[in-house]
Each structure stands twice: as structure tokens, then as C-alpha cells.
Amino acid sequence: MSNEATRVVRQPAAARSPKLKGSLGRMLQDKMREIWRFRLSYLFIAPFLVVFSLFIIIPVFTGVALSFTYFNSIEFPKWAGWMNYQNLFSQDVIFLQHVIPNSFKFALFVGPIGYVLAFVLAWLIAQLPGTLRVWYALAMYAPSLTGGIAMVVVWQVMFTGDRTGYINSFLLKWGLIDQPMLLTIDKDYLLGIMIVVSIWSSMGLGFLAILAGILNVDRTLYEAGRIDGISSRLQEIWYITIPMMKPQMLFAAVMAIVGTLKSGGIGTQLSGMNPTPDYSGQLFMNHIEDFGFTRLELGYASAISIVLLILTILLSRFLWMLLGPKEDE
Amino acid sequence: MAVLNKMRQSMARSWSLYRSDFRSMDKTQIFLLLLLTLLAVFMLLPLVFIFNHAFKPLHELFLFPPTFFVRQPTLQNFTDLLQATQDTFLPVTRFIFNSIVVTLLSTVGMVILGALCAYPLAKHPFPGRKIVFGVILLSIMISVETMGIPRYIVVKSLGIMNTYWGHVLPILALPVGVFLLKQFMDQVPDELLEAAKLDGATEWQLLVRIILPIVTPAMATITILSFQTAWSNSETSALFMQDDAMKTLPFYVESLTSNLANTVARQGVAAAASLIIFMPNLIIFLLSQRKVIQTMAHSGIK
């Protein structure tokens, strides 16, 4: 059975489908036959696709459907049309005054700056001799391993609000402040702290992809570039390194966008409050959780997630246009 | 112990290599090295603190000015962590046990499912392949965290609330893993598969005997990836588990630390707990970092 499948695997498609311009029935039959030939392939991908559909595809569609309803988790969802979206963009003061500006600021710093930083760090590390590289790469990557709860503990220790906190004690010692500050529950500092902590822990898969991409660029290209008149390291990066590793750059960019837009828990965890003090650290995710799990307005919460989802995909598409494969490549 | 020995050997080996490297470095490289060392120290400082914090006795936690390094290391925080739950009817060992079960099942599951799915995607031109891969690629851009509510509905209607399935199955849906494996499998030369096919190998044999040995770096990477996802995952506990006996260690630590902000009390215990969460991630990465970097070279979206 499997032998038959293996035999056809590598034949070009043209050879497999007989010359037919016949009826639709014939075409359908042929298609079915082709699918049957590859039954083993489908069997192989089936287990993952089942899990994938259950926990990603179906939730996305359910989310879209729910976003057009009023749903309080007890009664059956009631159709509400565009109501949730209208309210979100016209009446939700917290969303308009806090969530959007906060998310924008947060994403602007953590996204592009984190990304550029990842590239610079990866490039610097790639210039080191081989054996050192590993340990420096590890140092940059380790913070992202703390992900989630461990990260919060780490930083809470640093930002402890009385004088025994490391940051407070440091500032006191250098005479920059007279009294310890409750850093993480101060609305003026919270967002800044969230940004620093997020950048610190953002050197994850994307960073490793960039590093690997840089290391993988063919050395001889640099020599060829030098002959063609490239004189500085910056020119090398711009004309050789980046074009050669566009695919990895794109992967890292997508990871950066997803990672940035999905973060939210961090504000609540750092300040220990939900909502965050004066909504100063309120991001998309906090807003979703606030409505979804505290106020149980699941339809409305779904609408917010769909807005976030569309935003993520649009941004990724935009980067795709910048870095993705072009028609002529 | 074997693990430690292996690490010690590799460290010794790289140290002897360092010295030869240092001699051959020029001025810019030394400058770079200093700059990077500063950055690395900045990145690692918080981790060093947490490590020291976990071993500090209570009176050192309250010290002013606070000390970075522990003076009289003690295991007090770890025993406190164990005892913290002895008054209630669930010992912390139960959460650790849950975490281990969930992590093992999800890691093994992800490796099997991922390999099975990535192989046809890379090497079989079956009808619909482009669509399937396109959807997987698109789904990398979707953060499942935003999908909490619909996922809750799915888990509830599958009837797997409060079971290990409720932890494991959602973690298994990790499209990045399949994506990385598929990109790596693309590199396996077709001629190799052709030759094996002529010798009468079945598809299953092709996958297990030829593809898998070649793509071990990628396999190691997705092992780490799903290990980390599962081991530090508190989301499934928060959403899908009402029964406390089914919750995992990260969730327990989260509840332990939720009122921790701005106080020193219980910081030691929290540091100890987060060290328990952090260390396995670090060790498993240390052991396979070369393979990971090798895999990430093929991570590009082409």
C-alpha cells in the first residue's frame, strides 16, 4: 500500500494527470484518484491538523462569530451586529484614552527598538571568535527563558517599593532620590518599566534566527563585495548581510510583532493590580481579560481580540511587503 | 551527574579554545568584547540576583542596603516552599508532579505530531499542500493568548476540563514547531529519498530511518520549544482547570506571588520557586544550543 504511494511521490505533476479536457466528472474523478494516491501523506498530517484546527482554527472563527453577539457566558449568545465594534471605537473611554495610546507607545518601543537591538546584538556577537559566541548568545537569550511568571519575580525583586529594593537602594545611594519610590504602582513609571522589562526578555527565537542568519551568510560574498568597492562595515551590513538574510529577518520580525502585541499580563503582574494603577499599564490583553474574565462580557471581549488579531496580521503583512520574497526573486 | 560532567567537559574544552582566540584578536574585537560583556552582564544581572535571592536566609532578604550576593546560603526558602502548602490539603509536590506529567506528554506529543506533519509538507506534493502550509504560516502570526475565550469553549465542549488532556492538547497546537521542522526538512536532498525508495523503503521507514536522523537539530529545537512552552505555561491552568489538584507549578507560583509587589515578605520563597521553573529551561538549552542555532538558520520565511 505504502509502496504505491511512494512511487508516485516524486513524479512531476504533469506526468501524473492524464491528458484530459473531458467532463467535469472526469476531472473530479481524477482529482479524487490523486488524493487517494497521497492518502498516506494525509494520514501523516492528520493528527497535527486535528489539534491545530481544534485549538487555533475553530477558536479564531468562534471568536469572530462571538464578536458579533452579546454573550455573558450563561445565556445563549444574542446577535448584536456591529454593536460591539461600534461601542469599542466610540464609547469605550478606557480603550480610547488608555489602551490605544499605551499599546501604541509600548509596541513602538518594544517592537522596532527591540528588533533593531536584537539585530545589533546578533551582529556584534557574530563578529566574535566562535567559542565565545555561544556564551554571549546564551547571555542574551537566557532572559527570554524566564518567560511568564519567573520574569515577574525577578523584576519584582529589583523594583521592590521600599529601600530594600535594588533599584531604590541604588538611587538612594547615589542621592538621586530622598525616599524610596513605589516604582511599579506609580502611573508615571509603570509603562516605562514594562517597556524595559519586555525588551530585556525579548531576545528569544527571533534573536536566535537573526544570529543564525548572520552566521550563515557566505563569507566569500564579503570578499567579492570588497572588490566591488564596499569600504565600510556598515555598507557590508546594508548591501550584503541584510539582503542575504531577509527570510530570517522576516521570521524574526513576525515573532517580534506577535510577541509585542500579545503581551499584557506583565503590567498586572508587575503592579500586582488589575486594572493597573490609573490604567497606566493597560494594554490590549488587559482589556480583553478585564471584559472577558472579570465583567464576563465575552462578546465584547471577543471583539477586542479580533481587532488585535487583525492588527497583528496587517502589521505582519506590511513587513512581508518590506522583507518578503519578491516576484522576481 | 552525567549531565554535569558533560557540561564541565565542554566548558573546559571551550576555555582552552578561548585562550588561543584571545591571542588572535585585534583591537576592535577587544573593544567589541568589552561592550558585549557589559551588555551581557546587564542582561544576566537580574538572573544572578534571583539565583542569590533563592538561597538567602530571611534576615538577609531584609538587609539594607540590599546585597547582591548571598552570604550564608541556606535551603530555607526551598523548605518553606514545600511547607507553605502543607497546611492546605495540596502539597506543592502535587503541582510539580502535574507540571512534569504535562511537560513530558506535550514534548513527546509535539515531537511526534510535528515530525509526522512536517514530512509530507516538505516532501510530498499532495493536493492542498500549499494551502495547509499557508494556513500554518499565517497562524504563526496569531497569538493564542488572545483566543482564551473561544479556546475555553472548545475545551469545555470536548469535555476535557480538569484532565491532563486539557493541558496537553492546547499546547500541542504549536505551528512554529511544524514550521521550523518543515523548513529544515526542505534541506534533505530528494536524491537520498529516491535511492531509499528504490531499495523498497516504505514512507514510514523513510521518515524514521532517513529524515529524522538528518533533522536532529530541528528535532532538538522543537523539543526545547515545546518543553519551554509547557513547563512555564500557566494559562491552561488558569482557564481550563477548576480543580486545584490539576493545576501546574507556574500557576501555583503565580498565585503565590500575586500580592508580592512592593513587599519583601515571601520574596525568598518566590525566588526559590521561580528558580525551579527557570533552571530546567536553562539546562536543556545549554545542552543543545548548537543544534538550536543550526536550526534557526533555516527559520527564514521564504
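Up top is the structure these notes are about.
Predicted model only: the values in this text are computed from it and were never measured.

Trainee: I'd like a description of the overall build of chain A, backed by residues and values.
Mentor: The helix and strand tally for chain A stands at 17 helices and two strands. Residues counted as buried form 53% of the 329 residues belonging to chain A. Restricting the contact set of chain A to residue pairs at least 6 apart, pairs at least 24 apart contribute 63%.

Trainee: With reference to specific residues and values, describe empty space enclosed by the protein.
Mentor: All names here are of chain A. According to the stated counting rule, one finds five cavities of 30 Å³ or more in the structure shown. When its volume is computed, the second largest cavity comes out at roughly 60 Å³. Lining the second largest cavity we find S103, F106, A107, T260, L261, S263, L283, F284 and L308. Those elements giving two or more residues to the lining of the second largest cavity turn out to be helix 6 (93-127) and helix 14 (246-262). When residues in the lining of the second largest cavity are grouped by element, the largest group, three residues, is from helix 6.

Trainee: Can you break down the pattern of salt bridges residue by residue, with the values?
Mentor: All names here are of chain A. Evaluation of the coordinates by the stated rule reveals seven salt bridges over all chains. Of the charged contacts in the structure, one is a salt bridge between R295 and D290, with a shortest N-O distance of 3.0 Å. Take R295: its relative accessible area is 39%, and that puts it in the partly exposed class. When its relative accessible area of 5% is taken as the criterion, D290 is described as buried.

Trainee: Got a sec to walk through unusual backbone geometry? Specific residues and values, please.
Mentor: A positive phi angle, near 55°, is found at L296 of chain A, a position not held by glycine. Not every positive phi belongs to a glycine, and N162 of chain B is a case in point at roughly 60°. Relative to the helices and strands, N162 of chain B resides in the loop between helix 7 (148-158) and helix 8 (164-172).

About the criteria used
- Starting from 1, residues in each chain are numbered consecutively following that chain's sequence as written.
- Working convention: letters from A go to chains and numbers from 1 go to ligands, in the order in which they are written.
- Residues qualify for local features only when their pLDDT is at least 70, as the model is predicted, and side-chain atom pairs are given and counted only at 80 or more; totals for whole chains, interfaces and linings, by contrast, use all residues.
- To obtain the side-chain values, all non-hydrogen atoms of the structure were included, while hydrogens and water were left out.
- The secondary structure listing takes helices from DSSP runs of H or I that are at least 4 residues long and strands from runs of E that are at least 2 residues long, numbered from the N terminus.
- Buried means the residue's accessible area, taken with a 1.4 Å probe over protein chains only, is under 20% of the maximum for its type, while exposed means over 50%, and partly exposed covers the values in between.
- Here, two residues are considered to be in contact whenever any of their heavy atoms come within 4.5 Å of each other.
- A pocket here means an open set of points on a 1 Å grid, computed over the protein atoms alone, that has protein on both sides within 12 Å along at least five of seven lines. A cavity is instead a set of points where a 1.4 Å probe fits but cannot get out; residues with an atom within 4 Å of a point line either one.
- Grid points are joined across faces, edges and corners, and a volume is the space filled by probe spheres set on the points.
- Here, a salt bridge means any side-chain nitrogen of Lys or Arg that lies within 4 Å of a carboxyl oxygen of Asp or Glu.

Any functional reading would require information beyond the geometric quantities listed.
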